[in-house]
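Residues per chain, in single letters:
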Amino acid sequence: MALTTMTDAPKGAGPSGARHVAIIMDGNGRWAQMRGRPRLLGHHAGAKRIREIVEACPDLGVKYLTIFAFSTENWKRTQSEVAGLMSLFRRYIQREAQDLFRRGVRVRFIGDRIKLDPKLVQLMDDLELLTSGNDRVHLTIALNYGGRDEVTRAAKRLAYEIEMGRLTHKDVDAETLARFLDTHVLPDPDLVIRTSGEARISNFLLWQSAYAEYEFIDTLWPDFTAGEFARIVQGFAARDRRYGGVKAKA
Ligand code: IPE
Ligand code: IPE
Ligand code: MG
């Protein structure tokens, strides 16, 4: 009898490689403050790191990369920081769209778009459409994303389907609920990295990370390099993921 039942593994989890890596890109503000510069400068420096990390993915076997850009809690920041971030997101999409397309990156956005500026939402929709035929790397950007918010919106839509008579309460199981999440087309993350030394989740991919491995590193996001990313992803292969089962014999 097999001691480990990999069939219990969440959908998409590879046997050893990190197929889906999610990153909480934290520390931009401190990076700038350490240099006596405005926080927004740190956000701009942080945005510039994304390309190198995306480009490192194919060689590392990372097919899915999900990055946390703005949380449902980040609206609590000053009006000028929020406005600066929103304008950075617009400029980032405008500047990077063609390059992402040419490099075979498929871009998706998760999070609630309702609170976002319609002009930004239009750019997000356009980039998703432009890159929808790509398959080299799947980059998902979490923007106005919160795990609790996502599960709540999914529950609301599920309740609506029941109200409409298209589902009944008997259909409600984990798999059905997951179909209503923003991430419904993505495998669960294998590895979640958080930069900047904070060891917390901050409402990121709560449902999807049930069995993810975590890596908390001190590097501030604008200092994060493809080299450090590669070391972490390669280190992941040595981890023993048991999913509640028993350690497999060598
Ligand atoms: C992460 O960097 C980016 C966003 C949350 C938008 P922070 O802005 O949180 O940087 P610190 O944590 O203040 O250093
Ligand atoms: C998490 O970072 C959100 C993003 C990286 C976008 P925060 O800096 O907002 O998290 P807390 O406030 O330290 O928990
Ligand atoms: Mg932070």
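An unreviewed UniProt entry annotates the chain as Isoprenyl transferase of Rubellimicrobium mesophilum DSM 19309. Looking at the Function (unreviewed entry) heading of the UniProt record, one finds this comment for the chain: "Catalyzes the condensation of isopentenyl diphosphate (IPP) with allylic pyrophosphates generating different type of terpenoids."

**Student:** I tried to follow the nonpolar core on my own but got confused; where do I start?
**Tutor:** Soluble, globular proteins show a tendency: their nonpolar side chains are buried together. Ranked by size, the top nonpolar core spans 48 residues in total, and within it V21, I23, L65 and F229 carry the most contacts. Among the elements that make up this core, the one with the highest residue count is helix α3 (residues 79–102) (nine residues). The residues touching L65, leaving out its near neighbours within four places in the chain, are H20, V21, I23, I53, V54, C57, H138, L139, T140 and F229.

**Student:** What should I look at first to understand the site of ligand 1 in this one?
**Tutor:** Within the structure, ligand 1 sits among 13 residues, and D26, G29, R30, R39 and R77 are positioned closest to it. The separation between an oxygen atom of ligand 1 and a polar side-chain atom of D26 is 2.8 Å. Contact between ligand 1 and R30: an oxygen atom at 2.7 Å from a side-chain N or O atom of the residue. Mapping ligand 1 onto the cavity grids shows that it belongs to the largest pocket. Broken down by secondary-structure element, the contributors of at least two residues to the shell around ligand 1 are α1 (28–34), α2 (39–60) and α3.

**Student:** Would you mind going over the side chain of R49 with me for this structure?
**Tutor:** By secondary structure assignment, the location of R49 is in helix α2. In this structure R49 comes out as buried when scored by relative accessible area, which is 17%. Once residues within four sequence positions are removed from consideration, R49 is found in contact with W221, P222, F224 and T225.

**Student:** Even after reading the chapter, I still don't get the side chain of R241, so can you show me in this structure?
**Tutor:** Position of R241 among the secondary structure elements: in the segment after α7 (226–236). Overall, the relative accessible area of 13% leaves R241 in the buried class. Looking at R241, its side chain comes within polar contact range of the side chain of D190, at 3.1 Å. One polar contact links the side chain of R241 to the main-chain carbonyl oxygen of Y211, over a distance of 3.1 Å.

**Student:** Sorry, what's going on with the packing of α3 against helix α4 (residues 118–130) here?
**Tutor:** Relative placement of two packed helices is described by the angle separating their axes and the distance separating the axes. At a minimum axis separation of 10 Å, α3 and α4 run at an interaxial angle of 15 degrees. Taken together, the axes of α3 and α4 are roughly parallel relative to one another. Every pair of crossing elements has a handedness; the one defined by α3 and α4 is left-handed. Judged by residue contacts, M86, F89, R90, I93, Q94, A97, Q98, L100 and F101 of α3 engage L120, L123, M124, L127 and L130 from α4.

**Student:** Would you take a moment to explain the site of ligand 2 for this structure?
**Tutor:** Residues in contact with ligand 2, as listed here, are I24, M25, D26, F68, A69, F70, N74, R77, R194, R200 and S202. D26 has a polar side-chain atom sitting 3.2 Å from an oxygen atom of ligand 2. Contacts to ligand 2 include R77, whose side-chain N or O atom sits 3.2 Å from an oxygen atom. Look at ligand 2: alone it shows 390 Å² of surface, and the protein chains cover 78% of it. Given that more than half its atoms are within 2 Å of the pocket grid, ligand 2 belongs to the largest pocket. In terms of residue count, the dominant contributor to the shell around ligand 2 is strand β2 (residues 64–71) (three residues). Looking at side-chain class alone, the shell around ligand 2 contains five nonpolar, two polar and four charged residues.

Parameters and conventions
- Residues numbered from 1 in each chain as written.
- Chains lettered and ligands numbered in written order.
- Predicted model: local features only at pLDDT ≥ 70, side-chain atom pairs only at ≥ 80, totals over all residues.
- Heavy atoms only, no water.
- UniProt positions renumbered as here; feature names shortened; annotations may be inferred.
- Core = buried A, V, L, I, M, F, W, Y, C linked by side-chain atoms within 4.5 Å.
- Buried < 20%, exposed > 50% of the residue type's maximum accessible area, 1.4 Å probe, protein only.
- Helix = DSSP H or I, 4+ residues; strand = E, 2+ residues; numbered from the N terminus.
- Contact = heavy atoms within 4.5 Å.
- Near = heavy atom within 4 Å.
- Polar contact = N/O pair within 3.5 Å; in protein donor to acceptor, adjacent residues only side chain to side chain.
- 1 Å grid on protein atoms, 1.4 Å probe; cavity = no way out; pocket = protein on both sides within 12 Å on 5 of 7 lines; lining within 4 Å.
- Sits in = over half its atoms within 2 Å of the grid points.
- Axes fitted to C-alpha atoms, helices over the stretch in contact; angles between N-to-C directions.
- Parallel < 35°, antiparallel > 145°, perpendicular 65-115°, else oblique.
- Left-handed = near helix turned anticlockwise from the far one by under 90°.
- Areas by Shrake-Rupley, 256 points an atom, 1.4 Å probe, with all protein chains shown as cover.
- Nonpolar A, V, L, I, M, F, W, Y, C, P; charged D, E, K, R; others polar.

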